[in-house]
Number of protein chains: 2
Amino acid sequence: MKRTDRVGAIIKILSQNPSKNFSLGYFAEKFGAAKSSISEDLSAARKMMQSMELGIIETSAGASGGVKYISRISNKEVDILLQDLCTKLEDPGRILAGGFLYTSDIMFDSTLAKRTAEVFARKFGDKKADYIITVETKGIPVALMTADLLNLPLVVIRRESKISEGSTLSINYFSGSTDRIQKMSIAKRAIQPGTKALIIDDFMRAGGSAKGISDMMKEFDVEIVGTGVVIASKEPEKKKVEDYFPLVYLGKVDENSKKSEVFPNNIIFS
Amino acid sequence: MKRTDRVGAIIKILSQNPSKNFSLGYFAEKFGAAKSSISEDLSAARKMMQSMELGIIETSAGASGGVKYISRISNKEVDILLQDLCTKLEDPGRILAGGFLYTSDIMFDSTLAKRTAEVFARKFGDKKADYIITVETKGIPVALMTADLLNLPLVVIRRESKISEGSTLSINYFSGSTDRIQKMSIAKRAIQPGTKALIIDDFMRAGGSAKGISDMMKEFDVEIVGTGVVIASKEPEKKKVEDYFPLVYLGKVDENSKKSEVFPNNIIFS
């Protein structure tokens, strides 16, 4: 194999397995090449990725050392993504009776889920979370893609306790989005006490769900290290959780004039 | 930029956007290179990917022509995946009261979802589906990843009709898994009449869900071009749908002896 081939294959394998550690020996064996050659390949791959802003190839030394790909969305790409989200969300055709917005096609779009997940991965990548937590259903794609980028398990809280979940912990909480008491339920075996969790969800109105998850996690002695949502509504301004990170803000939705206002959050990574 | 850099960047961009068409001009502009150079880069990338069994780079000529990456899991990787699934599923710790198996950690594992999706993408990639359909909740990750590989929208059928879905079509059906009548509901705007859909789900017992989806799709004049499930139970042998493609079969689950039998499907792609 030529260097061009090895570098291409390394980039393919690493970038399709974000945050996963590969040993130099893995590539040396796969390509029938010396570790010193692989080391030079990695150096070439790292430089290219950095100069093209395609992400980071991180090497660590020592016995447990190796190499991994870390996604790193650029500020320019964040800007393009948020503008894109705002334009899509402001489409008058999304406005439903009662001033609700239809967002399922956006939330279940795998490409958008991957791009939004890149923002959360960059924002929360250093928080040392042990898992990503979401509540079914529309937050699952972006939470899954974030879990993938950070190489973490995803835990999905269900609305109803299911027999296929084993023993569960359930709570009731007030949901501002549906204006009623809702239930959430989590499989006990999904969570280890004393760990850290990152909440990722599609939408926050008053923060009832996030507060509910947070309360549930306290029962497990789990620390919430961050909360990312794709859309946060402007109203109510005071949420039930203090600290949350939205990609866009949803302002007024006027059912009669078919107009809605969506603003990008001001996100600049240093 | 050197050839090694361009080839690496092309592979990164193409493989992170499966089944999406990119023009040669896109890369020429991005890299400040002549189209003839890009064409040679693509040829190098294609040969390497093929020889390493990392997927296919497909070029098409003409005004609407371009290049795209198509995932193509090898038979060896399918074999490793299915063995891996069987081993994980046979873990005695998964057996719950009532002979149910705990599978949430498997179904919400993004790496497993990507790998299982590769099998469905290879199996159903040429069926010209217009979207992937699943029913919430545990089938969403593998359905999303399949949608991503085939560059198709994902439509998620809900258990309850939600106000945020707009007008919905609902049906009741008999679910063998839960041994009761269940409801499923789909947003009318999610489906266009006269199209084709591919069903992807986590589990099939008697095929009630798949039959329910199929019946629903008939109301929209939508043709089901395939049904893929991660796990199909051996019993009942006769399912409510004729044609389905499972990755593994679940045999007897013995709650007392804590033993379960899981068999790989015999999948060989030509």
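Since we're looking at a predicted model, the values are computed, not measured. (Residues numbered from 1 in each chain as written. Chains lettered and ligands numbered in written order. Predicted model: local features only at pLDDT ≥ 70, side-chain atom pairs only at ≥ 80, totals over all residues.)

Describing the overall build of chain A
In step 1: Of the regular secondary structure elements, chain A holds 8 helices and 10 strands.
In step 2: Taken over 270 residues, chain A has a buried fraction of 44%.
In step 3: Pairs at least 24 residues apart make up 63% of the contacts formed inside chain A by residues separated by at least 6 positions. (Helix = DSSP H or I, 4+ residues; strand = E, 2+ residues; numbered from the N terminus. Buried ≥ 20, exposed ≤ 12 C-beta atoms within 10 Å, placed from the backbone. Contact = placed C-beta atoms within 7 Å.)

Considering the sheet that holds strand 9 (residues 245-254) of chain B
Residues and elements named next belong to chain B.
In step 1: Spatial strand order, 4-3-7-8-9-10: 6 strands in an open sheet with mixed pairing. Whereas interior strands pair on both sides, the edge strands pair on one side only; in this sheet they are strand 4 (154-157) and strand 10 (259-264). Each adjacent strand pair in this sheet contributes to an overall mean axis angle of 25 degrees, direction not counted.
In step 2: As paired elements, strand 8 (residues 223-233) and strand 9 share 5 bridges and run parallel to each other. Along strand 9, the bridge assignment pairs Ala232 with Tyr249.
In step 3: Taken strand by strand, helix 6 (residues 110-124) contacts strand 7 (196-204), strand 8 and strand 9, and its axis lies near 145 degrees from that of strand 8. (Pairing = 2+ DSSP bridges. Axes fitted to C-alpha atoms, helices over the stretch in contact; angles between N-to-C directions.)

Examining the nonpolar core
In step 1: Among the nonpolar cores identified, the biggest contains 118 residues, and Ile132 and Leu154 of chain A together with Ile132 and Leu154 of chain B are the most heavily contacted of them.
In step 2: If sequence neighbours within four positions are ignored, Leu154 of chain B has contacts with Phe108 and Ser110 of chain A together with Tyr131, Ile132, Ala143, Leu144 and Ala147 of chain B.
In step 3: If you look at the next biggest cluster of nonpolar residues, it comprises 34 residues, including Ile10 and Ile38 of chain A together with Ala44 and Ala45 of chain B. (Core = buried A, V, L, I, M, F, W, Y, C linked by C-beta atoms within 7 Å.)

Regarding the pairing of strand 5 (residues 168-175) of chain A
All names here are of chain A.
In step 1: Where strand 5 and strand 6 (residues 180-187) come together, 8 bridges link them in antiparallel fashion. Its bridge partner lying in strand 6, Asn172 is registered against Lys183.
In step 2: In this antiparallel pair of consecutive strands, strand 5 and strand 6, the connection spans 4 residues, and Asp179 shows a positive phi of 55 degrees.

Structural notes on the relation of the copies chain B and chain A
In step 1: The two copies are related by a screw operation: chain B maps onto chain A through 180 degrees of rotation and 0.0 Å of translation along the axis, at an RMSD of 0.0 Å. Taken together, the rotation and translation describe the operation of a two-fold axis.
In step 2: A symmetric contact is evident, with 100% of the interface residues of chain B recurring at the interface of chain A. (Least-squares fit on C-alpha atoms with pLDDT ≥ 70 in both.)

Observations concerning the packing of helix 3 (residues 35-51) of chain A against helix 1 (residues 3-15) of chain B
In step 1: Between helix 3 of chain A and helix 1 of chain B, the least distance of the axes is 10 Å, while the angle of their chain directions is 70 degrees. With respect to each other, helix 3 of chain A and helix 1 of chain B are oriented roughly perpendicular. Of the two possible hands of crossing, helix 3 of chain A and helix 1 of chain B adopt the one that is right-handed. Contacts between helix 3 of chain A and helix 1 of chain B involve Ala44, Ala45 and Met48 of chain A from the first element and Thr4, Asp5, Gly8 and Ala9 of chain B from the second.
In step 2: Considering only residue class, the contact of helix 3 of chain A with helix 1 of chain B consists of 4 nonpolar, 2 polar and 1 charged. (Parallel < 35°, antiparallel > 145°, perpendicular 65-115°, else oblique. Left-handed = near helix turned anticlockwise from the far one by under 90°. Nonpolar A, V, L, I, M, F, W, Y, C, P; charged D, E, K, R; others polar.)

Topic: the environment of Asp148 of chain A
In step 1: Counting through the fold element by element, Asp148 of chain A comes out in helix 7 (residues 140-150).
In step 2: For Asp148 of chain A, a count of 28 C-beta atoms within 10 Å puts it in the buried group.
In step 3: As a C-alpha pair, Asp148 of chain A and Ile213 of chain A span 65 residues in sequence and 21 Å in three-dimensional space.
In step 4: Setting aside residues no more than four positions away along its own chain, Asp148 of chain A makes contact with Pro18 of chain A together with Ser110 of chain B.

What about the interface of chain B and chain A?
In step 1: Across the boundary between the two partners, chain B contributes 42 residues, which contact 42 residues of chain A.
In step 2: Residue assignment for the side of chain B that touches chain A shows that the elements contributing at least two residues are helix 1, helix 3 (35-51), helix 5 (104-107), helix 7 (140-150) and strand 4 of chain B.
In step 3: A per-class count over the side of chain B that touches chain A returns 22 nonpolar, 10 polar and 10 charged.

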